[in-house]
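Architecture at a glance
The chain contents come next:
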Amino acid sequence: MCSWFFLVLFSFTRTGLVKPCRLLSPLPVVQISERPLVHQESLLKLPVPPLQQTCVRYLASLEPLISEEEMTHTHKLMDEFLRPGGVGERLQKSLERRARKTENWLTDWWMQSSYLDSRMPVAMYTSPGVVLPKMHLQDRQGQMRFAAKLIAGVLDFKSMIDSDTLPVEYLGGKPLCMDQYYRVLSSCRIPGPKRDTVVNYAIGKTPPTHITVVHNFQFFVLDVYNSDGSPLTVDQLYVQLEKIWNSSLQTNKEPVGILTSNHRNTWGKAYNNLIKDKTNKESVRAIQKSIFTVCLDAPKPRVSDEMYFNKVAAQMLHGGGSRWNSGNRWFDKTLQFIIGEDGSCGLTYEHAPAEGPPIVFLVDHVVDYMKRSEMVRTPMIPLSMPQKLRFNITPEIKKDIEKAKQNMNIMVHDLDVRVLNFTHYGRKFPKSHKMSPDAFIQMAFQLAYYRMYQTCCPTYESTSLRMFKLGRTEAIRSTTTESLQFTKAMDDPSKHAIHGQGIERHMLGLKMIAIEDLTSLPEIFMDTSFAVASHFNLYTSQVGSKTDCVMCLGPMVPDGYGICYNPMDDHINFAVTAFNSCEETNATKLSQFLEDSLLDMKTLLEQVSKTQ
């Protein structure tokens, strides 16, 4: 979620950076108070880029990544693909027909190919985590009070959704699609044998009025509205959370929730087995239908201040393993807020229904809400006991749980998470030199990776397509042969990925049309170069939040890195992940190279400024 109207980009050599080049400043996203759905019907439809344009840019993106011999071979395949009256032309026309008939030709395919068809576990592989600033909680009462305020804050956000008063976001004077905001609450992913689905229960005649609270692996239904429809106050929520805590002190319960962390095929089979039992099915449905989930986590072992955010980021991504809090989750739930007894807090979200912006806006809203003093008078009405959800654990289900524990522990030990709080400067520094902070940071990634490996790699940066109806994301490929060529391309708004002219999703669309319409895939999609170009060793995402939070996500490929960053005014929060099972990757080492690169770029820029 970033803007790429550059002001400065750098070309660099093995030993450092040279030749700063000037570009445009990024456009800010602004919020205006008006009814969010007013503009939905007038939003533009996502265009299908010209075929020749995408193919030319695709070939250009391959130049720094493959050998001359491979390039020659790919050019031959592309010539065949683009032959007049050939397969490329036929696929393009089919894609254009689909675009005319649908609200967005891409959205359903994107959901399927990136999320619902994926059989990898959602924990760590697709679901991001968000770390909020540490809360200084003295005891479990402090944990309950904090959780109560957080729940009230989310319900306050929900009231804007329900009353259609959510501020509309604008970019460059144009309204953005607000559809994703209506998909993050009361929704859940449902496992299937070959493909998952996402169900949004807010759409039905009787939208849910409860949340799920989980403590010591035990799930509870907590109704969060009074009989008159008013939300429970913070005091009422605190009382109910106390009841839940006192009713879940047993620590020997089976962690049913850990089943949701498994490989999707494995979980799909276990799911069907689990819901054969009527009680289990009702309990699962109650979790799925809830507005969101609150996870009251057990405290983790104390670590040094230097390691604290690494451990908490990992906790948000996966819970820390079966001995700790990985069973204190329902990973299929779109929104799970996590509050540890030790003051660690944040959330994880299942990525299929929405991208980062709605989540970040929700987080900022909740954090602001929690700073307010509570002035609501609590009704003198006795509240019923929250309902504990029961599960009948058969030997077969017990076996599935044990297998899920083993798999989760393997994944936990394999993922290395490093949080870098870069304190030397923040987004104000590049802005003061009339540069895009995002462009500046992306070039730091390029430099850090190059210094570590003496080569460049395919790099993925997510950018929003929300200026189009039902728009999700496009990928910016940050790696090019010439930084100056890259600069010129990104300088031209007509060529910008945010305007629907990127190559990544167009190529996906052509491939999906080929799968639907043809008996075999065109050779261009089976070319080695296509696999190389899609193997993103650097998977990056900017998460611009008002809150001083850290977002983290797992790598896209086994030998790659996941990098999230939140540029604040005077510092930048980074989270870098890599798999320990890959000998070539090292999150700690890349973090060090990244810090050095940012410092070297600052020094270079200051030197250049003195000579001008």
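Predicted model only: the values in this text are computed from it and were never measured. (Residues numbered from 1 in each chain as written. Predicted model: local features only at pLDDT ≥ 70, side-chain atom pairs only at ≥ 80, totals over all residues. Heavy atoms only, no water.)

Attention now moves to the nonpolar core. Judged by nonpolar contacts, the single largest core of 101 residues is most densely connected at F81, I151, F157, I211, L241, F292 and L335. Ranked by residue count, the leading element in this core is helix α5 (residues 140–162), at 12 residues. Each of domain 1 (122–415) and domain 2 (423–499 + 536–607) contributes no fewer than three residues to this core. Sequence-distant contacts of F157, that is, excluding residues within four places in its chain, are made with L166, Y181, L185, F361, L362 and H365. If you look at the next biggest cluster of nonpolar residues, it comprises 46 residues, including F331, I401, A404 and V412. (Core = buried A, V, L, I, M, F, W, Y, C linked by side-chain atoms within 4.5 Å. Buried < 20%, exposed > 50% of the residue type's maximum accessible area, 1.4 Å probe, protein only. Helix = DSSP H or I, 4+ residues; strand = E, 2+ residues; numbered from the N terminus. Domains from an automatic or database assignment. Contact = heavy atoms within 4.5 Å.)

For the rest of this paragraph, the subject is the UniProt feature "active site" (unreviewed entry) in the protein chain. As annotated in UniProt, the feature "active site" (unreviewed entry) corresponds to H351 in the numbering used here. On the basis of relative accessibility, which here comes to 8%, the residue H351 falls in the buried class. If sequence neighbours within four positions are ignored, H351 has contacts with Y115, T126, S127, P128 and R472. At a separation of 3.4 Å, a polar atom in the side chain of H351 contacts the side chain of Y115. (UniProt positions renumbered as here; feature names shortened; annotations may be inferred. Polar contact = N/O pair within 3.5 Å; in protein donor to acceptor, adjacent residues only side chain to side chain.)

This part covers the packing of aromatic side chains. According to the stated counting rule, one finds 21 aromatic pairs in the structure shown. Plain terms: the ring middles of Y58 and F530 are 6.2 Å apart, the flat faces sit at 55 degrees to each other, and that makes the pair tilted. Note that Y58 is positioned in helix α1 (residues 51–62) and F530 in helix α16 (residues 528–533), a separation of 472 residues in sequence. Judged by relative accessible area, F530 falls into the buried class, the value being 13%. Each residue in the set Y58, F81, F525 and F530 is aromatic and connected to the rest through ring pairs, giving one cluster. The ring of Y308 has K134 lying over it, and the distance from NZ or CZ to the ring centre is 4.6 Å. Positioned above the aromatic ring of Y238, the side-chain terminus of R145 is 4.8 Å from the ring centre. (Phe/Tyr/Trp six-rings, centres within 6.5 Å; stacked < 30°, edge-to-face > 60°. Lys NZ or Arg CZ within 6 Å of the ring centre and 35° of its normal.)

Below, the discussion takes up the pattern of salt bridges. Per the stated rule, a full pass over the model turns up 22 salt bridges. Where R195 meets D117, a salt bridge forms, and the shortest distance between an N and an O atom there is 2.6 Å. Linking R195 in the loop between β7 (187–190) and β8 (197–200) with D117 in the loop between α4 (107–116) and β4 (129–131), this pair joins segments that are 78 residues apart in sequence. The partly exposed category is assigned to R195, whose relative accessible area is 41%. Between D570 and K428 there is a salt bridge, and its shortest N-O distance comes to 3.4 Å. Of this pair, D570 sits in the loop between β20 (561–567) and β21 (572–579) while K428 sits in helix α12 (residues 428–432), placing them 142 residues apart in sequence. (Salt bridge = Lys/Arg side-chain N within 4 Å of Asp/Glu carboxyl O.)

As for its position among the elements, Q180 is in the loop between β6 (174–175) and β7. At 2.7 Å, the side chain of Q180 and the backbone nitrogen of E355 are in polar contact. If we ignore the near neighbours within four places in the chain, the residues touching Q180 are P353, A354, E355, P358, R466, G471 and R472.

Further remarks concern the confidence of the model for the protein chain. Summing up the model confidence of the protein chain, the mean pLDDT is 85 and the portion of residues at 70 or higher is 88%. Below pLDDT 50 for its whole length, residues 1–26 participates in 111 contacts with residues either more than four positions away or in separate chains. In the predicted structure, residues 483–495 sits below a pLDDT of 50 and forms 28 contacts with residues beyond four places in sequence or in another chain. (pLDDT = per-residue confidence, 0-100.)

Moving on to the sheet that holds strand β12 (residues 335–340). Pairing is mixed across the open sheet formed by 8 strands, whose spatial order is β14-β10-β9-β11-β12-β13-β4-β19. Of all the strands in the sheet, the pair left with one neighbour each is β14 (387–388) and β19 (550–552). Where strand β10 (residues 218–223) and β14 come together, 2 bridges link them in antiparallel fashion. When the sheet's bridge partners are listed, F220 is paired in β14 with K388. (Pairing = 2+ DSSP bridges.)

Below, the discussion takes up the environment of G562. Structurally, the position occupied by G562 is in strand β20. In this structure, the C-alpha to C-alpha distance between G562 and V417, residues 145 residues apart in sequence, is 9.3 Å. When near neighbours in sequence (up to four residues on either side) are disregarded, G562 contacts Y539, L553, G554, P555, A575, V576 and T577.

It is worth spelling out the pairing of β21 at this point. Counting buried residues in β21 gives 8 out of 8 residues, a clear majority hidden from the surface. Neither face of β21 is open: one carries I572, F574, V576 and A578, the other N573, A575, T577 and F579, and all of them are buried. By the bridge criterion, 8 bridges tie strand β15 (residues 415–422) to β21 in an arrangement that is antiparallel. Paired with L420 across the strands is F574, a residue of β21. Pairing between β20 and β21: 6 bridges, direction antiparallel. The residue bridging Y565 from the neighbouring strand is F574, located in β21. Hairpin connection between β20 and β21: a loop of 4 residues separates the two successive antiparallel strands.

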